[in-house]
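# Summary of the model geometry
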Amino acid sequence: MHFPEVSPMDELMAQRVAKLDQLRALGMDPYPTRATRTHTAAEANALVDALPEGVSEAEGVVAQVAGRVVARRDMGKATFIDLLDGTGRIQVLLRQNTLAEGLYDALKLIDLGDFISATGMPMRTRTGQPTVGATTWAMLSKALHAPPEKYHGLADPEIRQRRRYLDLLGNEESRERFKLRSKVVSGIRRFLDARGFIEVETPVLQEAAGGAAARPFVTHYNALDEDRFLRISLELHLKRLVVGGFEKVYELGRIFRNEGFGLKYNPEFTMLETYEAYGDYLQVADMVEEMVSTVASEAIGRDTFVFRGHEISLARPWRRITFHDALRQYADLDLEAFPTAETLRAELERRGLDVPPTAGYGKLADEAMSFYVEPHLQNPTFLLDYPIELSPLAKRKPGNPRLVERFEVFIGGFEAGNAYTELNDPIDQRERFEEQLRLRAAGDDEAELMDEDFLFALEHGMPPCGGFGMGIDRLIMILTEQPTIREVILFPQLKSLKPDTQPTPSDTAITSSPAETAGPTTPSPAAAGEGAGG
RNA sequence: GGGCCCGUAGCUCAGCUGGAUAGAGCAGUGGACUUUUAAUCCAUUGGUCGAGAGUUCGAAUCUCUCCGGGCCUACCA
């Protein structure tokens, strides 16, 4: 195994713990209650960069910076320390002749990973590096473990994902990637808000999880002594809101699907769903094109990406092709020649595809699409007009009762989004649910369940409506050019650690003499913490 | 579930066709150095080589079992 246990008090940690006492002996609290800073690293750097040509000191300016000690170069009577804060790095120069008595010697109590503050004049060193020429410094928080190796960083993917804090504090690319994710998400919100959408929140815990073909997680509600299901989609509640009169709604939230995890799957993932009254799936397609290309350009500054070896352009317009035409083009398969589940199954088996025994017509067509078509769809492509069997919540296509007005959008060879002209005929919707129940009875445990309240809502009338759903994580994968979903989720699902490898608290028990400031031990744990401050 | 691969110091990794006391860099400790930036230089601490069993005069190295993990595949619109 390559996963380090939380070590018992090893030698390195013992040395750091001993420094706690040494700091206290010098009158320095290793964990002071609060800190002050006047400048972020970025502000301090900018201040120096703004100095006129030939001027190397910001005379009269006193800047206090704070951050984690990420590098240290000890030159004898001068020491350079690099601090990392949320805005970047700032170098601090500490010299024996500019620090108060004893403060220079106390530098040996600073280790990599500690948080300190340093105060002094912003300046430029001989080599041009913006630097705070410190006249004093203070410990803000002492770290008891060494940070990851400074040059190679933390490389083990498991530790990087399981202990993301170590990845983030050691690997700048990782920090940048998650900042980018945040910019994309806020960009999506800005885009939708600007178009008059309102953001809403709907229940995660549901009596029946519907709106998608997936198995839910089950949990137990103690107060009612009933099971609840974690939502697998946002759809049915958002459409209730359209019935209620909200014309443009979206929700950006976590959904949960009880399935395995892998390169592009995580059991909990972030979904965007939008519903627009008086819209249809073609209007939604226009909006999606605009939203994704706009957000990519704004958040990342470009609209071409290299994803899994393919160059992908998000520039508009995006290609549009029907589901049937795509199968004709990439598989030389004409679905109209195989109109029943039996004939289609026979054809796919003749071609050597391994299809699940319970698959109905829709599932079979989808299998063929996944196998033959999906890998070719690198640049954004809308696949239009799906078989009705695959889409129990979408409205029929006028003139062709076997198709629905639906698209899935593919980018980088996988599905990134899904949209319908929403089915608003309550009678038709009831029949579709009944068909789903038949599929379920035939062994498809991902088929939709009847949702009587949703039907009751539709029976009150829902305006024509275009709806859309997009897996945000997959979009982020493309925009950050990451081949795995785990690299774009801060804390991805991982196998649980077996008990004998789990850190045990007693292993990390630390003994050092109590701080002068420490009060008597509170006898009741319930009385501790939380109440103070404010 | 199937296939391939990995586990050596706190971190990043060598060593693996069996050979003596298991190495390097970083981090740590001690020392030199008042403008460095992967600082440099000198010295030095630290390892039950994932665990167990076996083969052998001798195992980090070969075999088996187990533990933990990764990748691919399968499952998963």
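Bear in mind the structure is a predicted one, so any value in this text is a computation, not a measurement.

## Comments concerning the packing of aromatic side chains
The relative placement of two aromatic rings is captured by the distance of their centres and the angle of their planes. For the structure on display, the rule yields 8 aromatic pairs. Pairing Phe 371 with Tyr 372 gives two aromatic rings, centres 4.9 Å apart and planes at 90°, and the pair type is edge-to-face. Its relative accessible area of 14% is what places Tyr 372 among the buried residues. On the numbers, 6.3 Å between centres and 35° between planes, the contact of Phe 407 with Phe 468 is tilted. Taken as a pair, Phe 407 in strand 17 (residues 400-411) and Phe 468 in strand 19 (residues 465-471) lie far apart in primary sequence, 61 residues in all. For Phe 468, a relative accessible area of 1% gives the class buried. The positively charged end of Arg 406 is found above the aromatic ring belonging to Tyr 386, 4.7 Å away from the centroid. Sitting over the ring of Tyr 265, Arg 474 keeps its end group 5.1 Å from the ring centre.

## A closer look at the sheet that holds strand 3 (residues 88-95)
Around the barrel, 5 strands lie side by side as 1-2-3-5-4; this closed barrel has mixed pairing. Within this sheet the neighbouring strands show an average axis-to-axis angle of 55°, counted without direction.

## Topic: the environment of His 237
Within the secondary structure, His 237 sits in helix 6 (residues 235-243). Its relative accessible area of 23% is what places His 237 among the partly exposed residues. Placed 35 residues apart in sequence, His 237 and Thr 202 show a C-alpha to C-alpha distance of 6.5 Å. Beyond its immediate chain neighbours, meaning those up to four positions away, His 237 contacts Thr 202, Pro 203 and Gln 206.

Here is what the cut-offs are and how they apply
- Residues numbered from 1 in each chain as written.
- Chains lettered and ligands numbered in written order.
- Predicted model: local features only at pLDDT ≥ 70, side-chain atom pairs only at ≥ 80, totals over all residues.
- Heavy atoms only, no water.
- Phe/Tyr/Trp six-rings, centres within 6.5 Å; stacked < 30°, edge-to-face > 60°.
- Buried < 20%, exposed > 50% of the residue type's maximum accessible area, 1.4 Å probe, protein only.
- Helix = DSSP H or I, 4+ residues; strand = E, 2+ residues; numbered from the N terminus.
- Lys NZ or Arg CZ within 6 Å of the ring centre and 35° of its normal.
- Pairing = 2+ DSSP bridges.
- Axes fitted to C-alpha atoms, helices over the stretch in contact; angles between N-to-C directions.
- Contact = heavy atoms within 4.5 Å.

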